[in-house]
Amino acid sequence: MEGNHSHDHDLGFWRKYIFSQDHKVIGIQYGFTSLLFLLFGFGLMIVMRWQLAYPGQPIPFIGTWFGEDRAPEGIMLPEFYNQLGAMHGTIMVFLGVVPLAVGAFGNYIVPLQIGAPDMAFPKLNMSSYWVYFVGGVTMLASFLMPGGAANSGWTSYPPLSVIATTGQTFWLIGMVFLITSSLLGSVNFIVTIIQLRAKGLTFMRLPFFVWAQFVTSFLLLLAFPPLEAAGVLQLMDRLAGSSFFMPSGLVVTGQALNVSGGGSPLLWQHLFWFLAHPEVYVLILPAMGIVGEIIANNTRKPLWGYKSMVYAVIFLGFMSFIVWAHHMFMTGMGTIISTFFQTTTMIISIPSIVILTALFISLWGGSIRFTTPMLFALAFLPMFGIGGLTGLPLGLSATDIPLHDTYYVIGHFHYVVAPGTIFALFAGIYYWFPKMTGRKMNEVLGRIHFFGSLVCMNAIFMPMFIVGLAGVSRRLWDGGAQYAHAQPVLHWNEFMSMGAWTLGIFQIPFIMNIFWSIWKGKKVEENHWEATTLEWAAPSPPPHGNFLTTPEVYRAPYEYSVPGHKKDFIPQNQPMEA
């Protein structure tokens, strides 16, 4: 350890902070980069919501910035709306939430929680961040291309995506970089968790967060390659004249398309959703892991049903690979195969319910501390519950057909990802900030951020179920104003947009809080939250090599409120009493 520490001081600025191989620096790089992407993706949605609330009216203040080819006189064109929609979804999922949940929290916390000095492959770790960064910049560069950014939805369905503007090529190249980054990271996590655990840290003594990251890494490793292959094939369709996804006989603007044909647009859907359904669990599993840590710590009692939660996470990971075609009931796949996929979809809801129930029961009889991280963790439970329950009708082919591609679907998955996953990620930032910086975030600003965000998130997404049940299709640039059946629910568009703009205002206290707390936050001791897991045995912030002495583990991860013990917590690295 001493050698590592002195070696760290010999490194220059570039090696120490930019091209760092230290998992903590890489975790912080991932964190700030993904938060910036989330802010940018949120900004795109803010502009879209103006168009939905007031279709055909000039965008105030910034409308003229977009140029005459996108928003003449500040009035958004349908093509530009499609670009914003496609890039909002892509940025929020692939550039924002996944890198924050896995790249930032996984990189920073997992080695600390297993008592490791670093990740197994530090250079691979550094590469995974920079490949992600290049992929993100490539994606955003597509906005500068002739014809603008990708405009075929975040799902990029051919044949439209194959004949789309140049931005789609940049989208595909960016995706190849992002997938490569995830593959490099996932291999690193799997090897690190299996090989570098501290002495005494058996698998059933791992914190629940580590289990969640472990299963997530397998999902990334196994689900992403099919989409990487699909991305390369679609690039070849666009650039090399192949027709993997291009059928024969296409007519585009009155002209027969000159391709060899014989390709299948449905093949893309299979390859895409084979990734994109496990991807949903890539978002939610780290979130559940974070919430588990925070609930155990703030109820001062062990997680109820720890083993059942671990088995549920493993089963969830396995099942996530055989539900993808519930996104494709509309393709006429036949009743037998539809029945198979709707059955597996109903089955996969069981482990999620097991985990959610265990977290709810963990609250029973607890001496709950309502800290800012705990508030976000508590809000995660009902928000994720709403997301899960509203997904059940979409998993059954009979009810999915009328609901497919309506606002109901947007409401469903945003409840899972926005007030669900993103609330858990906020909870994690507030909870581990003292570990990363040695300082505490401001509680008053944290509470303003929490309560404002909770109200606004529900104001945005709850009406989407009403609009969707009325049959209003998603991806309409005017929110459905041209359809008779949408007229009774059109007023909700303005209400949801007001909620979105107000949500943006409530992120300002959070941004202020982060930067103010880094320099001026209240200094705290190493184990600020009186937690039991190993990361709190390291100094705050941890030095190069993490631990001053190599830790050894003697007990389960959540030994809170043990009868007959003086304190209400026993750290994992505290030796057994004689």
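Described below are features of the structure shown in this document.

What counts, and where the lines are drawn
Residues numbered from 1 in each chain as written. Predicted model: local features only at pLDDT ≥ 70, side-chain atom pairs only at ≥ 80, totals over all residues. Heavy atoms only, no water. Helix = DSSP H or I, 4+ residues; strand = E, 2+ residues; numbered from the N terminus. Rg over C-alpha atoms; globule rule 2.2 N^0.38 Å. Buried < 20%, exposed > 50% of the residue type's maximum accessible area, 1.4 Å probe, protein only. Areas by Shrake-Rupley, 256 points an atom, 1.4 Å probe, with all protein chains shown as cover. Lys, Arg positive; Asp, Glu negative; His and termini not counted. Charge placed at Lys NZ, Arg CZ, Asp CG, Glu CD. Salt bridge = Lys/Arg side-chain N within 4 Å of Asp/Glu carboxyl O. Core = buried A, V, L, I, M, F, W, Y, C linked by side-chain atoms within 4.5 Å. Contact = heavy atoms within 4.5 Å. Phe/Tyr/Trp six-rings, centres within 6.5 Å; stacked < 30°, edge-to-face > 60°. Lys NZ or Arg CZ within 6 Å of the ring centre and 35° of its normal. Expected span 1.5 Å × (residues − 1). Polar contact = N/O pair within 3.5 Å; in protein donor to acceptor, adjacent residues only side chain to side chain. Patch = residues over 30% accessible without salt bridge, like charges linked within 9 Å, V, L, I, M, F, W, Y side chains within 5 Å. Axes fitted to C-alpha atoms, helices over the stretch in contact; angles between N-to-C directions. Parallel < 35°, antiparallel > 145°, perpendicular 65-115°, else oblique. Left-handed = near helix turned anticlockwise from the far one by under 90°.

## Let's talk about the overall build of the protein
Part 1 of the argument: The helix and strand inventory of the protein stands at 16 helices and four strands.
Part 2 of the argument: For the protein, the C-alpha radius of gyration of 24 Å lies close to 25 Å, the compact-globule estimate for 578 residues.
Part 3 of the argument: Along the longest, intermediate and shortest principal axes, the C-alpha atoms of the protein span 85 × 55 × 50 Å.
Part 4 of the argument: Buried residues in the protein amount to 58% of all 578 residues.
Part 5 of the argument: Total accessible area on the protein is roughly 22,800 Å²; 70% of this is exposed by carbon and sulfur atoms.
Part 6 of the argument: Looking at charge distribution, the protein has the averaged site of its 26 positive side-chain charges lying 10 Å from that of its 26 negative ones.

## Brief notes about the pattern of salt bridges
Part 1 of the argument: Using the criterion set out here, one finds eight salt bridges in the structure.
Part 2 of the argument: Asp69 serves as the salt-bridge partner of Arg70, at 4.0 Å between the closest nitrogen and oxygen.
Part 3 of the argument: According to the relative accessible area criterion, Arg70 is buried, its value standing at 16%.
Part 4 of the argument: When its relative accessible area of 54% is taken as the criterion, Asp69 is described as exposed.
Part 5 of the argument: Across the pair Glu530 and Arg300 runs a salt bridge whose closest N-O atoms are separated by 4.0 Å. Placement of Glu530 in the segment after strand 4 (522-523) and of Arg300 in the loop between helix 8 (265-299) and helix 9 (306-319) is noted, with a sequence separation of 230 residues between them.
Part 6 of the argument: Take Arg300: its relative accessible area is 5%, and that puts it in the buried class.
Part 7 of the argument: The network of salt bridges with shared partners includes Arg300, Glu530 and Asp568.

## Quick notes on the nonpolar core
Part 1 of the argument: Formed by 171 residues in total, the largest nonpolar core has its most connected members in Met87, Phe208, Leu285 and Phe380.
Part 2 of the argument: Sort the elements by how many residues they give to this core and helix 4 (residues 78-113) lands first, with 20 residues.
Part 3 of the argument: Beyond its immediate chain neighbours, meaning those up to four positions away, Phe208 contacts Met288, Gly289, Gly292, Glu293, Leu303, Tyr306, Met309, Val310, Val313, Ile355 and Tyr558.

## A few points about the packing of aromatic side chains
Part 1 of the argument: One pass over the structure, following the stated rule, counts 51 aromatic pairs.
Part 2 of the argument: A centroid spacing of 5.1 Å and a plane angle of 80° characterise the contact between Phe376 and Phe450, whose relative ring orientation is edge-to-face. Pair noted here: Phe376 is in helix 11 (residues 372-395) and Phe450 is in helix 14 (residues 443-469), with a separation of 74 residues, a long-range link. Considered together, Phe376 and Phe450 belong to a single accessibility category, that of buried residues.
Part 3 of the argument: Ring geometry for Tyr431 and Trp432: centres 5.1 Å apart, planes at 70°, overall edge-to-face. Grouping residues by exposure puts Tyr431 and Trp432 together as buried.
Part 4 of the argument: Pairwise contacts between aromatic rings join Phe13, Trp14, Tyr17, Phe19, Tyr30, Phe37, Tyr129, Trp130, Tyr132 and Phe133 into one cluster.
Part 5 of the argument: Lying over the aromatic face of Phe203, Arg197 brings its terminal NZ or CZ to 4.0 Å of the ring centre.

## Remarks on helix 14
Part 1 of the argument: Between its terminal C-alpha atoms helix 14 stretches 39 Å, which fits the 39 Å expected from 27 residues at 1.5 Å a residue.
Part 2 of the argument: The opening residue of helix 14, the one whose side-chain oxygen lies 2.9 Å from the backbone nitrogen of Val444, is Asn442.
Part 3 of the argument: After helix 14 finishes, the residue Gly471 shows a positive phi value of roughly 95°.

## Focus on helix 11
Part 1 of the argument: For helix 11, spanning 24 residues, the distance from its first C-alpha to its last is 35 Å, which sits close to the expected 34 Å at 1.5 Å a residue.
Part 2 of the argument: Counting buried positions over the 24 residues of helix 11 gives 18, a clear majority of the element.

## Concerning a nonpolar patch on the surface
Part 1 of the argument: On the surface, Ile28, Phe32, Leu36, Leu39, Ile511, Phe515 and Trp519 cluster together to form a nonpolar patch covering roughly 700 Å² of accessible area.
Part 2 of the argument: Listed by contribution, the elements that provide at least two residues to the nonpolar patch are helix 3 (23-53) and helix 16 (508-520).
Part 3 of the argument: Per-element accounting of the nonpolar patch gives the leading share, four residues, to helix 3.
Part 4 of the argument: Looking at the secondary structure, you find Phe32 in helix 3.
Part 5 of the argument: Assessed through its relative accessible area of 35%, Phe32 is described here as partly exposed.

## Description of the packing of helix 3 against helix 16
Two numbers describe a pair of packed helices, the interaxial angle and the distance between the axes.
Part 1 of the argument: Orientation of helix 3 relative to helix 16, taken along the N-to-C sense of each, is 155°, at an axis distance of 13 Å. Here helix 3 is positioned roughly antiparallel relative to helix 16, judged by the angle of their axes. Crossing hand, helix 3 versus helix 16: left-handed. Residues Phe32, Leu35 and Leu39 of helix 3 form the contact with helix 16, whose own contacting residues are Ile511, Ile514, Phe515 and Ile518.

## Here's the deal with the environment of Met319
Part 1 of the argument: On the secondary structure map, Met319 appears in helix 9.
Part 2 of the argument: Residue classification places Met319 among the buried positions, given a relative accessible area of 5%.
Part 3 of the argument: When the C-alpha atoms of Met319 and Thr345 are compared, they prove to be 8.5 Å apart, with 26 residues separating the residues in sequence.
Part 4 of the argument: The contact partners of Met319, leaving out residues within four places of it in the chain, are Thr344, Ile347 and Ile348.

## Some words on the side chain of Gln168
Part 1 of the argument: Take Gln168: it is sitting in helix 6 (residues 167-195).
Part 2 of the argument: Looking at Gln168, the relative accessible area reads 1%, which means it is buried.

## Focus: the environment of Val98
Part 1 of the argument: Relative to the helices and strands, Val98 is located in helix 4.
Part 2 of the argument: Here Val98 falls in the buried class, since its relative accessible area comes to 6%.

## Re the environment of Tyr132
Part 1 of the argument: Following the sequence through the fold, Tyr132 ends up in helix 5 (residues 122-141).
Part 2 of the argument: The class of Tyr132 is buried, set by a relative accessible area of 1%.
Part 3 of the argument: As a C-alpha pair, Tyr132 and Val176 span 44 residues in sequence and 9.7 Å in three-dimensional space.
Part 4 of the argument: Not counting residues up to four positions away in its chain, the partners in contact with Tyr132 are Tyr30, Thr33, Ser34, Phe37, Phe94, Leu95, Pro99, Leu178 and Ser181.

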